[in-house]
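Residue-level listing of the chains:
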Amino acid sequence: MAEKKITKAAATKAANKAAKAAEVKEAPAKKAPAKKAAAKSSVVYVNAENAGFKAGDVYQALAAAEKALTVAEVAKKAKVAVEEAYLGLGWLFKEGKVATTEDNKIVLA
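In this text, all values refer to a predicted model and were calculated from it rather than measured experimentally.

The rules behind each value
- Residues numbered from 1 in each chain as written.
- Predicted model: local features only at pLDDT ≥ 70, side-chain atom pairs only at ≥ 80, totals over all residues.
- Heavy atoms only, no water.
- Axes fitted to C-alpha atoms, helices over the stretch in contact; angles between N-to-C directions.
- Helix = DSSP H or I, 4+ residues; strand = E, 2+ residues; numbered from the N terminus.
- Parallel < 35°, antiparallel > 145°, perpendicular 65-115°, else oblique.
- Contact = heavy atoms within 4.5 Å.
- Nonpolar A, V, L, I, M, F, W, Y, C, P; charged D, E, K, R; others polar.
- Expected span 1.5 Å × (residues − 1).
- Buried < 20%, exposed > 50% of the residue type's maximum accessible area, 1.4 Å probe, protein only.

**Focus: the packing of helix α2 (residues 48-65) against helix α3 (residues 71-78)**
Okay, step 1: Running from amino to carboxyl end, α2 crosses α3 at an angle of 100 degrees, the nearest separation of the two axes being 9 Å. The angle between α2 and α3 places the two elements in the roughly perpendicular class. Of α3, the residues touching α2 (which contributes Asp57, Val58, Ala61, Leu62 and Ala65) are Val74, Lys77 and Ala78.
Okay, step 2: Looking at the contact of α2 with α3 residue by residue, the class counts come to six nonpolar, no polar and two charged.

**Things to note about the side chain of lysine 54**
Okay, step 1: Turning to its location among the elements, lysine 54 is positioned in helix α2.
Okay, step 2: Apart from the residues within four sequence positions on either side, lysine 54 is in contact with Val80, Glu84, Leu87 and Gly88.

**Some points on α2**
Okay, step 1: For α2, which comprises 18 residues, the first-to-last C-alpha distance of 26 Å matches the rise-based estimate of 26 Å (1.5 Å per residue) to within 8%.
Okay, step 2: Looking one or two places after α2, you find glutamate 66, whose phi comes out positive at around 55 degrees.

**Some remarks on unusual backbone geometry**
Okay, step 1: We note that glutamate 66 has phi near 55 degrees; this positive angle belongs to a residue other than glycine.
Okay, step 2: Topologically, glutamate 66 is positioned in the loop between α2 and α3.
Okay, step 3: Although it is not a glycine, asparagine 104 adopts a positive phi angle of roughly 60 degrees.
Okay, step 4: Its location among the elements puts asparagine 104 in the loop between β1 (98-100) and β2 (106-108).
Okay, step 5: The exposure class assigned to asparagine 104 is exposed, which follows from its relative accessible area of 64%.

Next up, the structure:
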């Protein structure tokens, strides 16, 4: 088979034609999707004062509920992060104010 020779003019013409075809087929510019806000990481400052306040929040939530709650339920009712609920529960466990049930729920002692 004989090879076809392409001149510079023919190559440029073909490139221009391809570019025009791409412009015609190109869809309207899409907007970039909105960036999602990064999830705030929960930072728990551990000191005696903070732990005591979280323990008070957890204790009040358990007292108001008057029943055994899971840690997630305690955190929700106390309006604190789960990590802060664990901090408060640790304080209360140490003082003997709370106990666990057979189904791993927390109840006032």
